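Close look at the chain arrangement
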Amino acid sequence: MKSIKNLLGLCVLALLPLQVSATIIIDNTTLGLYNNGLGDLAALDGPGGFLPAANVSEGDPTIYLNTDPLLPFTAAFGADWLAGDYTGGTWSAGPVAIPAGWAINSETAIVYNFNLALASSLHIDVGVDNGVLVWLNGNFLFGATAPGGANINEYDFDLAFLGAGNHALQILRTDHGGASGYVISVDAVSLPTSVPEPAGLMLFAISLLGLGFVRKLNSKRA
Ligand SMILES: [Ca+2]
Ligand SMILES: [Ca+2]
Ligand SMILES: [Ca+2]
């Protein structure tokens, strides 16, 4: 019976998904396209909006957004930055180091272009003083603003599936007084391509044949 148990164990192993591995694909050392020519955009959404006026003169709100605030982007953002067209904007010529702090009261934008060799799930951790709006490939993920302080555990967001290939993580950082600050860490966990794989199924079939053979031998012995 012990040999049957061992064989069953092998069958289970053959059916397990491929091993997954987590990789940090973006952190504060990652280069990105950087736009520090946006200025203070508080007037874009008026009093009571996501972007309060300078030096907390319109308050210091805590806001979480699940839907795109659809800000009317200015010329400094370029023709269509969320679609990768930076024509006419105040973007860096290429990827540069992203400073953790920027001019108080102003807004800055970042684009991290990255490639996934395999389909993956993403985990995004971000902290900011004061606010952040986040898109992936032009699709809004989340936004948040709060009184001062930037901690890596402040906000997090999970994406269950992102296909292999090129992607752009697009971030607008906001500030409305005191200090500015930013910390980010994005993990990718590659996903098994198919479960079970044809090779795994073949192993399983062979194992079952083997089990039948062992059973016959045992019954003859008995
Ligand atoms: Ca501002
Ligand atoms: Ca904060
Ligand atoms: Ca601030």
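Computed from a prediction, not measured in an experiment: that's the story for all the values here.

What follows concerns the overall build of the chain. A count of helices and strands for the chain gives two helices and ten strands. Mapped in sequence order, the helices and strands of the chain form the string α-β-β-β-β-β-β-β-β-β-β-α. Evaluated residue by residue, the chain yields a buried proportion of 25% over its 222 residues.

With that settled, consider the sheet that holds strand 1 (residues 22-27). Spatial strand order, 1-10-5-8: four strands in an open sheet with antiparallel pairing. Strands with a single pairing partner mark the edges of an open sheet, and in this sheet they are strand 1 and strand 8 (155-162). Each adjacent strand pair in this sheet contributes to an overall mean axis angle of 20°, direction not counted. Here strand 5 (residues 120-129) runs beside strand 8; their pairing, made up of six bridges, is antiparallel.

Moving on: the nonpolar core. Judged by nonpolar contacts, the single largest core of 33 residues is most densely connected at Ala109, Ile110, Val132, Ile171 and Val186. Elements supplying a minimum of two residues to this core: strand 2 (33-35), strand 4 (108-116), strand 5, strand 6 (131-136), strand 9 (165-174) and strand 10 (181-190). In contact with valine 132, not counting residues within four places along its chain, are Val126, Gly143, Ala144, Ile171, Leu172 and Arg173.

Burial within strand 5 is extensive, with seven of its ten residues counted as buried. Examined bridge by bridge, strand 5 and strand 10 share ten bridges and lie antiparallel to one another. If you follow histidine 123 over to strand 10, its bridge partner there is aspartate 187.

Quick look at the confidence of the model for the chain now. Summing up the model confidence of the chain, the mean pLDDT is 86 and the portion of residues at 70 or higher is 78%. Every residue in residues 7-16 is under pLDDT 50, and counting partners more than four places away or in other chains gives 14 contacts. Confidence over residues 203-222 falls short of pLDDT 50; this stretch has 14 contacts with residues more than four positions distant or in other chains.

Now for the sheet that holds strand 2. With respect to topology, six strands assemble into an open sheet ordered 2-4-9-6-7-3, the strand pairing being antiparallel. Only two strands of the sheet have a single neighbouring strand rather than two, namely strand 2 and strand 3 (63-65). With direction set aside, neighbouring strand axes in the sheet form an average angle of 15°.

For the bond from aspartate 129 to asparagine 130, the omega torsion is 15°, close enough to zero to count as cis. One non-glycine residue with positive phi stands out, namely valine 56, at about 50°. Position of valine 56 relative to the elements: it lies in the loop between strand 2 and strand 3.

What follows is about the environment of aspartate 80. As for its position among the elements, aspartate 80 is in the loop between strand 3 and strand 4. Using a count of 13 C-beta atoms within 10 Å as the deciding quantity, one classes aspartate 80 as partly exposed. Separated by 58 residues in sequence, aspartate 80 and glycine 138 have C-alpha atoms that sit 9.6 Å apart.

Take the environment of alanine 54 next. As for its placement among the helices and strands, alanine 54 is situated in the loop between strand 2 and strand 3. Alanine 54 sits in the partly exposed class, given 14 other C-beta atoms within 10 Å. C-alpha separation for the pair alanine 54 and serine 106, spaced 52 residues apart in sequence, amounts to 8.2 Å. With residues up to four places along the chain from it excluded, the contact list for alanine 54 reads Asp40, Ala42, Asn105, His176 and Gly177.

Attention now moves to the environment of leucine 70. Assignment of secondary structure puts leucine 70 in the loop between strand 3 and strand 4. Accessibility expressed as a C-beta count within 10 Å gives 8 for leucine 70, which makes it exposed.

What counts and how
Residues numbered from 1 in each chain as written. Chains lettered and ligands numbered in written order. Predicted model: local features only at pLDDT ≥ 70, side-chain atom pairs only at ≥ 80, totals over all residues. Helix = DSSP H or I, 4+ residues; strand = E, 2+ residues; numbered from the N terminus. Buried ≥ 20, exposed ≤ 12 C-beta atoms within 10 Å, placed from the backbone. Pairing = 2+ DSSP bridges. Axes fitted to C-alpha atoms, helices over the stretch in contact; angles between N-to-C directions. Core = buried A, V, L, I, M, F, W, Y, C linked by C-beta atoms within 7 Å. Contact = placed C-beta atoms within 7 Å. pLDDT = per-residue confidence, 0-100.

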